[in-house]
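These are the residues of each chain, in order.
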Amino acid sequence: MSDAKTRAIDAYIRAYDKKPEHIIRAPGRVNIIGEHTDYNDGFVLPCAIDKDTVVAIGRHDGDIIEALSIDYDAHDIFSIDGDIVESPQLWANYVRGMAKHLLLGDYSLAPSRISIAGDVPLGSGLSSSAALEMAVGRALIEQSGQMIKLTDLAMIGQEAENQFVGCACGIMDQLISAKASAEHALLIDCRTLECSAIPIPENISLLIVNSGIIHSNSDGAYNERRAQCEKAALHYGVAALRDIDENQLEAGKAGLDDISYRRARHVVTENARTLAAAIALRQNDLSKLGQLMQQSHASMRDDFEITVAEIDRLADIMNDAIAHYCDGRGGARMTGGGFGGCVIALAPHEHIADIIDSIHRHYKKNDNQKVEMLISRASAGVNII
Ligand code: ADP
Ligand code: MG
């Protein structure tokens, strides 16, 4: 039994003196490629990781939802009869936001007690927030005896995070946490929300290196990038940057300021790389996939300017190790919104230990940064356990 599951159940029984009726888990995720393309109606290629947020749920009386966060050692209580308002506790707003937006989506909710425990690292770019939303949302639906389509659950999660928590995230995190298949990545068309599962060949391992540098999605920088992309789309006269290719980008750039042009160039080339990466993964062409991941990192560094020096150093060390030990079969890049978080590598299983060893030897970190490494399988999306 996973640690988070044990902690969620134990805390539920201790706090409420009853066994929970349902246990739901939802995974965190990494994005293999396709960064900041989601809100440009583009393509992303994430996979779920084998770290989960677990929610234990059971009935309550009246019109009350009571929630317990084991990881924050905190408690929240609110009424589902009438307007659900913000809590001063950030974690609780993900719960309240899901409840509110499920109700707005015409789902009815049963009074419930829940406990939450997770082992997705918080604020590290592995999307603990979407894992929390999907687990809480699915649990509330189960407890009230209803059904929900996974795409609808994901959209309600995004709505809750955008409108209730106040973070302008795209749809990727919720969709992958809801719809992932084990041992597969998911190519998502963020305009149509069409998903295609692509098997990850058995010989490939996913290494996730948490730099320990804390990002915050709510940061102004994220919103600023979104605004720059919207400005560029307006310049090109299209609904979103997804609608132009590299030729159109070059042909129409006159009159667009340099920063917006470079932001647009990242998005346009990243969309093309993501589609090419999906093909490379399907063909088990690790060299091609690795090149695309390296190009993606360079584009995030130079054009989108969302990396930081330590992250660039970490990615370089990992790519050098892949060139040296794996003959270029694989690649590394920062994943997630930027300004810290994780660097991932896809590489042949037999060389992962060499890459880890290189990081230990070459990556000198500041005292307050803890580098954690995780080798993960691609896991399944939200489910009842
Ligand atoms: P990320 O999604 O990359 O981990 P975010 O800043 O988007 O980072 O989301 C992190 C926030 O989500 C936390 O600050 C907390 O409020 C909430 N959260 C995530 N996981 C949990 C959990 N297991 N228990 C309580 N709150 C959580
Ligand atoms: Mg998040």
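Please refer to the structure higher up on the page.
Read on for a plain summary of the structure. (Residues numbered from 1 in each chain as written. Chains lettered and ligands numbered in written order. Predicted model: local features only at pLDDT ≥ 70, side-chain atom pairs only at ≥ 80, totals over all residues. Heavy atoms only, no water.)

Attention now goes to the layout of surface pockets. Each pocket or cavity is described by its volume, and for the largest pocket that value is around 850 Å³. Taken together, 45 residues make up the lining of the largest pocket; nearest its centre are Tyr-94, Leu-122, Gly-123, Ser-128 and Ser-129. At the level of elements, strand 1 (22–33), strand 2 (43–59), helix 2 (90–104), strand 5 (112–118), helix 3 (128–143), helix 4 (150–165) and helix 5 (172–179) are the ones that each hand at least two residues to the lining of the largest pocket. Considered class by class, the residues forming the lining of the largest pocket number 18 nonpolar, 20 polar and seven charged. (1 Å grid on protein atoms, 1.4 Å probe; cavity = no way out; pocket = protein on both sides within 12 Å on 5 of 7 lines; lining within 4 Å. Points joined across faces, edges and corners; volume = space filled by probe spheres on them. Helix = DSSP H or I, 4+ residues; strand = E, 2+ residues; numbered from the N terminus. Nonpolar A, V, L, I, M, F, W, Y, C, P; charged D, E, K, R; others polar.)

This part covers unusual backbone geometry. At Asp-73, a residue that is not glycine, the phi angle is positive and equals roughly 50°. Position of Asp-73 relative to the elements: it lies in the loop between strand 3 (64–69) and strand 4 (74–79). For Asp-73, a relative accessible area of 73% puts it in the exposed group. Of note in the backbone geometry, Glu-305 takes a positive phi value of approximately 50° without being a glycine. Here Glu-305 shows up in the loop between helix 9 (286–302) and helix 10 (309–325). (Buried < 20%, exposed > 50% of the residue type's maximum accessible area, 1.4 Å probe, protein only.)

A few words on the pattern of salt bridges. Enumeration over the complete set of coordinates arrives at 25 salt bridges. A salt bridge links Asp-52 to Arg-25; the shortest N-O distance between them is 3.1 Å. Pair noted here: Asp-52 is in strand 2 and Arg-25 is in strand 1, with a separation of 27 residues, a long-range link. Classification of Arg-25 by relative accessible area gives buried; the value is 10%. In this structure, the salt-bridge partner of Arg-361 is Asp-357, at a minimum N-O distance of 3.2 Å. Linking Arg-361 with Asp-357, this pair stays in helix 11 (residues 352–362), spanning four residues, or about one helical turn. Arg-361 gets classed as partly exposed once you look at its relative accessible area, which sits at 41%. What emerges from the salt-bridge pattern is a single network uniting Glu-35, Glu-270, Arg-273 and Arg-333. (Salt bridge = Lys/Arg side-chain N within 4 Å of Asp/Glu carboxyl O.)

Let us look at the packing of helix 8 (residues 258–282) against helix 9. In contact at an axis separation of 9 Å, helix 8 and helix 9 are set at 165° when each is read in the N-to-C sense. When the axes of helix 8 and helix 9 are compared, the pair comes out roughly antiparallel. The way helix 8 lies across helix 9 gives a crossing that is left-handed. For the pair helix 8 and helix 9, contact is made by Arg-262, His-266, Thr-269, Glu-270, Arg-273, Ala-276, Ala-277, Ala-280 and Leu-281 and by Lys-288, Leu-289, Leu-292, Gln-295, Ser-296, Ser-299, Met-300 and Asp-302, respectively. (Axes fitted to C-alpha atoms, helices over the stretch in contact; angles between N-to-C directions. Parallel < 35°, antiparallel > 145°, perpendicular 65-115°, else oblique. Left-handed = near helix turned anticlockwise from the far one by under 90°. Contact = heavy atoms within 4.5 Å.)

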